[in-house]
Amino acid sequence: MTTTLAPPAKPWTPAEFEDRLRTVGQDRYHDRHPFNLRMHQGDLDPDEVRCWITNRFHYQRHIPVKDALITAKLDSSRLRRMWLRRIEDHDGRGEGEGGIERWLRLGEAAGLNRRTLLSGETVLPGVRLAVEGYVNFCRLRSPLEAVAASLTELTAPDLMRLRIEAFERHYPWIASDGLAYFRTRVDQGRRDSAEALDLVLRWARTREEQERAVAALSFKCDVLWALLDAVQQHGARERV
């Protein structure tokens, strides 16, 4: 008796594929996390805000690391130049520049010590695990999956605008110039997501590749959610 294998599923159309990617962001992005909701409603106390800044910085400082790993996977000078700009965006071209520096200034505006932030000594174990998982994902997976995981940027610009408004309204004890990171990422996130989406739509030609791209984006949403889980649980323990 012979077994007839079912034919592979047909690829989604580009519009269907893009819609599935965007739906992941709409349904699973960390803007829906209870901690983020509390932040934007002005319900965090100063210690909770500082805890979030400290632990999110651990993620921020690893963005150029994962982008360097992605750059090494790209097979053309044009693509490598495009992705290298992301590293410059965060590391800057010189000392005192870039997104990591702006995040350090956010920490200082919130009353945190720069040296403590850079030491990482107060980063929560759950945050370390989540960030390490994301960096290793970009190290070990295909270029398609690594780039697709970055598509949380599709939703980030709207979150940045909401965050700026929330911090200005609810946390005036943080100096306005400390919010420079959020302001910069509105346009950068829009540009980065457009470039990455174009690559993913072109690279994923089979249904299997499309599904792997969607799974990669879902994984990245899980990373960001796990980071906030750790911060939220720490805050709950501190309040007991």
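Residues numbered from 1 in each chain as written. Predicted model: local features only at pLDDT ≥ 70, side-chain atom pairs only at ≥ 80, totals over all residues. Heavy atoms only, no water.

**Regarding empty space enclosed by the protein**
Empty space left among the atoms is revealed by rolling a probe the size of a water molecule over them. The tally for this structure, following the rule as stated, stands at one cavity of 30 Å³ or more. Of the voids in this model, the largest cavity is the one considered here, and its volume is about 300 Å³. Lining the largest cavity are 24 residues, with Arg 56, Tyr 59, Ile 63, Glu 153 and Arg 185 sitting closest to its centre. Broken down by secondary-structure element, the contributors of at least two residues to the lining of the largest cavity are α3 (46-60), α4 (63-73), α5 (77-91), α10 (156-170), α11 (180-203) and α12 (207-239). For the lining of the largest cavity, the leading source of residues is α11, giving four residues. Here the residues of the lining of the largest cavity are counted per class, giving ten nonpolar, five polar and nine charged. (1 Å grid on protein atoms, 1.4 Å probe; cavity = no way out; pocket = protein on both sides within 12 Å on 5 of 7 lines; lining within 4 Å. Points joined across faces, edges and corners; volume = space filled by probe spheres on them. Helix = DSSP H or I, 4+ residues; strand = E, 2+ residues; numbered from the N terminus. Nonpolar A, V, L, I, M, F, W, Y, C, P; charged D, E, K, R; others polar.)

**Quick word on the pattern of salt bridges**
Scanning the entire structure with this criterion turns up 23 salt bridges. Residue Asp 158 pairs with Arg 161 through a salt bridge whose shortest N-O separation is 2.2 Å. You can see Asp 158 and its partner Arg 161 sitting in helix α10, three residues apart, about one turn around the helix. Across the salt bridge formed by Asp 192 and Arg 191, the nearest N and O atoms sit 2.8 Å from each other. (Salt bridge = Lys/Arg side-chain N within 4 Å of Asp/Glu carboxyl O.)

**Structural notes on the packing of aromatic side chains**
For the coordinates displayed, the defined rule picks out eleven aromatic pairs. Look at Phe 167 and Phe 182: their rings are 5.6 Å apart centre to centre, the planes differ by 55 degrees, and that puts the pair in the tilted class. Within this pair, whereas Phe 167 is found in helix α10, its partner Phe 182 is found in helix α11, the two being separated by 15 residues in sequence. For Phe 167, a relative accessible area of 1% translates into the label buried. One aromatic cluster in this structure is built from Trp 52, Trp 103, Phe 167, Tyr 171, Tyr 181 and Phe 182. Above the ring of Trp 83, the side-chain terminus of Arg 86 is found at 3.7 Å from the ring centroid. Sitting over the ring of Phe 182, Arg 163 keeps its end group 5.7 Å from the ring centre. (Phe/Tyr/Trp six-rings, centres within 6.5 Å; stacked < 30°, edge-to-face > 60°. Buried < 20%, exposed > 50% of the residue type's maximum accessible area, 1.4 Å probe, protein only. Lys NZ or Arg CZ within 6 Å of the ring centre and 35° of its normal.)

**A short note on the side chain of Lys 66**
Within the secondary structure, Lys 66 is located in helix α4. In contact with Lys 66, not counting residues within four places along its chain, are Tyr 134, Cys 138 and Ser 150. (Contact = heavy atoms within 4.5 Å.)

**Quick notes on α10**
Given a rise of 1.5 Å per residue, 15 residues ought to cover 21 Å, and the 20 Å separating the end C-alpha atoms of α10 matches this to within 8%. Along α10, the residues classified as buried are Ala 156, Pro 157, Leu 159, Met 160, Arg 163, Ile 164, Ala 166 and Phe 167. Packed against the buried residues of α10 are α2 (34-41), α3 and α11. (Expected span 1.5 Å × (residues − 1).)

**Details of the environment of Tyr 181**
When you line up the elements, Tyr 181 lands in helix α11. If sequence neighbours within four positions are ignored, Tyr 181 has contacts with Gln 60, His 90, Gly 99, Arg 102 and Trp 103.

**Some remarks on the nonpolar core**
Soluble globular proteins: nonpolar side chains tend toward being buried together. Judged by nonpolar contacts, the single largest core of 70 residues is most densely connected at Trp 52, Phe 182 and Val 200. Tallying contributions element by element places α12 first for this core, with eleven residues. Residues within four places of Trp 52 in sequence aside, it is in contact with Phe 35, Met 39, Trp 103, Arg 163, Phe 167, Phe 182, Leu 228 and Val 231. (Core = buried A, V, L, I, M, F, W, Y, C linked by side-chain atoms within 4.5 Å.)

**Remarks on the layout of surface pockets**
Taken as a whole, the largest pocket encloses approximately 170 Å³ of empty space. In terms of lining, the largest pocket is formed by ten residues, of which the most central are Asp 47, Glu 48, His 234, Gly 235 and Glu 238. Ranked by the residues each element gives to the lining of the largest pocket, the list is headed by α12, at five residues. The residue inventory of the lining of the largest pocket, partitioned by class, reads three nonpolar, two polar and five charged.

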